[in-house]
Amino acid sequence: MHGYGGIEQLFYEDANEPKITEPDHVIVKLKAAAINHIDIWNRMGATGIPIRLPHILGGDGAGTIVEAGASVVNVKVGDAVCLYPPTGCGQCEFCLTDRDFMCIRLRVLGERLEGTYAEFVEVPAENCFPIPAGYSFEEAAAFPLVFITLWRMVVTNAKLEPGETILIIGVGGGVASATLQVAKKIGARVIVTSGSDEKLARAKALGADHGINHYKENFVDAVHNLTAGRGVDVVLDCVGGEVWRKSLASLAIGGRLVTCGATAGGEPNDDIAAIFSKHLKIYGSTLGSREEFRQLINFLNISGINPIIDRVFPLKDAATAQKYVEDGKQFGKVVLRISA
Ligand SMILES: [Zn+2]
């Protein structure tokens, strides 16, 4: 990436190979990377995070370790690994309590660190984790960001329980479709919304109990019909904007709303009376801890969930792949295959 703007700012070209700069770092030869919306916002300069140019985007990746610093003990050259994207300063109050994803000097692959749309990347060894059993490199690159994000939202924060009902807004997105998979394995009833009947059909094939086309019906009314007027226990809303108030209105008394994004706008017309009179809880989060990432990988191994991959593009077509994600055509993840 040579400047902020559209996909014309992305170039497939030779860059310097990364060198190990710290004794506890490794070099990973990447086999796959995944596209996330954050990559697009970083490209557009919409995050407020300054990026040193030229820059390599990409927060998700998987590959093989080809070089390890002198003090590395948790992995070795030849290991196949997937990458935990954030890294902290190691010294602030959050880093000192295993919350370096909340670090005041947070760095994430593809933002303040060179990312994964590349043949090689340098990362701290502690960001390397074993690939879930049976996963391809494409699958190993597709899951980390979306699954760690939903895991903290839905499992740690909302504490979704078997037998509860969750409403997932906009099921085509990466976090939303992954939440559908995890919520079904937990044993929850899952209601999804989308503006596309095709995406609703795909969600039902993955186990969604009910699909609501929000262009054809008011999803608040539909949710109340499906829950005998009670509402749902948990709403996952990463859309915000006009949808936010409807998400609150879909909750049962004591319900929990989780959010990790506001693609439709960050200034909702909030219903504060509904929040206190219905005893609602709202949890904001982004990413999750290393411990949650370990727990998540165990869950993926036990549950047999594989991430949903919509399409795989070669690395040289990263700009086309980003455009495809910007257009919102995908269901699940769009992945870059990296072959040297
Ligand atoms: Zn820190």
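Check the entry above for the structure.
Chemist: Go over the overall build of the protein chain with me, naming the residues and quoting the values.
Modeler: Of regular secondary structure, the protein chain possesses 10 helices and 15 strands. Against the globule reference of 20 Å for 340 residues, the protein chain gives a C-alpha radius of gyration of 20 Å, in line with a compact fold. Along the first, second and third principal axes, the C-alpha atoms of the protein chain reach 60 × 40 × 35 Å. Taking contacts inside the protein chain between residues at least 6 apart in sequence as the whole, the part at least 24 apart equals 70%. Summed over all atoms, the accessible surface of the protein chain reaches about 15000 Å², with 52% contributed by carbon and sulfur. In the protein chain, the 33 positive side-chain charges and the 39 negative ones have mean positions that sit 4 Å from each other.

Chemist: So what's going on with the nonpolar core? Which residues, and what values?
Modeler: Core analysis: the largest hydrophobic core is formed by 54 residues, its most contacted members being Phe-143, Phe-147, Ile-166 and Leu-236. In terms of residue count, the dominant contributor to this core is helix α3 (residues 144-157) (8 residues). Met-1, Val-81, Leu-109 and Leu-113 belong to the second-largest nonpolar core, a separate cluster that totals 32 residues.

Chemist: Quick one: what's the story with the environment of Thr-47, residue by residue and with numbers?
Modeler: Of note, Thr-47 is situated in the loop between α1 (37-44) and β2 (60-68). Overall, the relative accessible area of 28% leaves Thr-47 in the partly exposed class. Counting along the chain gives 64 residues from Thr-47 to Glu-111, while the straight-line C-alpha distance between them is 9.6 Å. Not counting residues up to four positions away in its chain, the partners in contact with Thr-47 are Ile-38, Trp-41 and Asn-42. Polar contacts involving the side chain of Thr-47 include one to the side chain of Asn-42, which spans 3.3 Å.

Chemist: Explain the pairing of strand β10 (residues 210-213) to me, using residue names and the numbers behind them.
Modeler: Examined bridge by bridge, strand β9 (residues 189-194) and β10 share 4 bridges and lie parallel to one another. Bridge pairing links Ile-191 to His-210 in β10. For the segment spanning β9, helix α5 (residues 197-205) and β10, crossover handedness is right-handed.

Chemist: I'd like to hear about the coordination of the zinc ion, residue by residue, with values.
Modeler: Donor atoms from the polypeptide that bind the zinc ion are Cys-89 (SG), Cys-92 (SG), Cys-95 (SG) and Cys-103 (SG), placed at 2.3 to 2.4 Å. Geometry at the zinc ion is tetrahedral, judged from the 4 donor atoms that bind it and their angles of 102 to 117° at the metal. Of note, the donors binding the zinc ion are all from one chain and are spaced C-x2-C-x2-C-x7-C. Of the residues examined, Cys-89 reaches a relative accessible area of 25% and is grouped as partly exposed.

Chemist: Can you lay out the environment of Ala-252 for me, pointing to particular residues and giving the numbers?
Modeler: In this structure, Ala-252 sits in strand β12 (residues 251-259). A residue is classified by how much of its surface remains accessible, and Ala-252, at 3% relative accessible area, is buried. Excluding its chain neighbours within four sequence positions, the residues that come into contact with Ala-252 are Arg-230, Gly-231, Val-232, Lys-278 and Leu-280.

Chemist: Go over the side chain of His-25 with me, naming the residues and quoting the values.
Modeler: The topology assignment puts His-25 in strand β1 (residues 25-34). Among the residues examined, His-25 registers a relative accessible area of 15% and is labelled buried. Among the polar contacts made by the side chain of His-25, one reaches the side chain of Glu-122 at a distance of 2.9 Å.

Chemist: Give a description of the sheet that holds β10 that names residues and reports values.
Modeler: If you walk across this open sheet you meet the 6 strands as β10-β9-β8-β11-β12-β13, and the pairing is parallel. The open sheet has two edge strands with one neighbour each: β10 and β13 (281-284). Strand-to-strand twist of the sheet, defined as the mean angle between neighbouring strand axes without regard to direction, takes the value 20°. Bridging between strand β11 (residues 232-236) and β12 involves 4 bridges; their strand directions are parallel. By the bridge assignment, Leu-236 is partnered in β12 with Val-258. Running over the sheet, α3 touches β8 (165-168), β11, β12 and β13 and is turned about 150° from β12.

Chemist: Explain the packing of α1 against helix α10 (residues 318-326) residue by residue, including any values.
Modeler: Interhelical geometry of α1 versus α10 gives an angle of 105° and a closest axis separation of 10 Å. Classified by the interaxial angle, the pair formed by α1 and α10 is roughly perpendicular. Note on element contacts: α10 touches α1 through Gln-322, Val-325 and Glu-326, opposite His-37, Asp-39, Ile-40, Arg-43 and Met-44. When the residues that make up the contact of α1 with α10 are grouped by side-chain class, the tally is 3 nonpolar, 2 polar and 3 charged.

Chemist: Hey, could you go over α3 for me, with residue numbers and the actual values?
Modeler: The first and last C-alpha atoms of α3 sit 18 Å apart over 14 residues, in line with the 20 Å expected at 1.5 Å per residue. Among the 14 residues of α3, 12 are classified as buried, and the element is accordingly described as predominantly covered. Restricting attention to buried positions, one finds in α3 the residues Pro-144, Leu-145, Val-146, Phe-147, Ile-148, Thr-149, Leu-150, Trp-151, Arg-152, Met-153, Val-154 and Asn-157.

Scoring rules and cut-offs
Residues numbered from 1 in each chain as written. Predicted model: local features only at pLDDT ≥ 70, side-chain atom pairs only at ≥ 80, totals over all residues. Heavy atoms only, no water. Helix = DSSP H or I, 4+ residues; strand = E, 2+ residues; numbered from the N terminus. Rg over C-alpha atoms; globule rule 2.2 N^0.38 Å. Contact = heavy atoms within 4.5 Å. Areas by Shrake-Rupley, 256 points an atom, 1.4 Å probe, with all protein chains shown as cover. Lys, Arg positive; Asp, Glu negative; His and termini not counted. Charge placed at Lys NZ, Arg CZ, Asp CG, Glu CD. Core = buried A, V, L, I, M, F, W, Y, C linked by side-chain atoms within 4.5 Å. Buried < 20%, exposed > 50% of the residue type's maximum accessible area, 1.4 Å probe, protein only. Polar contact = N/O pair within 3.5 Å; in protein donor to acceptor, adjacent residues only side chain to side chain. Pairing = 2+ DSSP bridges. Right-handed = clockwise from strand over helix to strand, strands pointing away. Donors = N, O, S within 2.8 Å, 3.2 Å for Na, K, Ca; no water. Tetrahedral: all angles 85-135°; square planar, octahedral: opposite > 155°, others 65-115°. Axes fitted to C-alpha atoms, helices over the stretch in contact; angles between N-to-C directions. Parallel < 35°, antiparallel > 145°, perpendicular 65-115°, else oblique. Nonpolar A, V, L, I, M, F, W, Y, C, P; charged D, E, K, R; others polar. Expected span 1.5 Å × (residues − 1).

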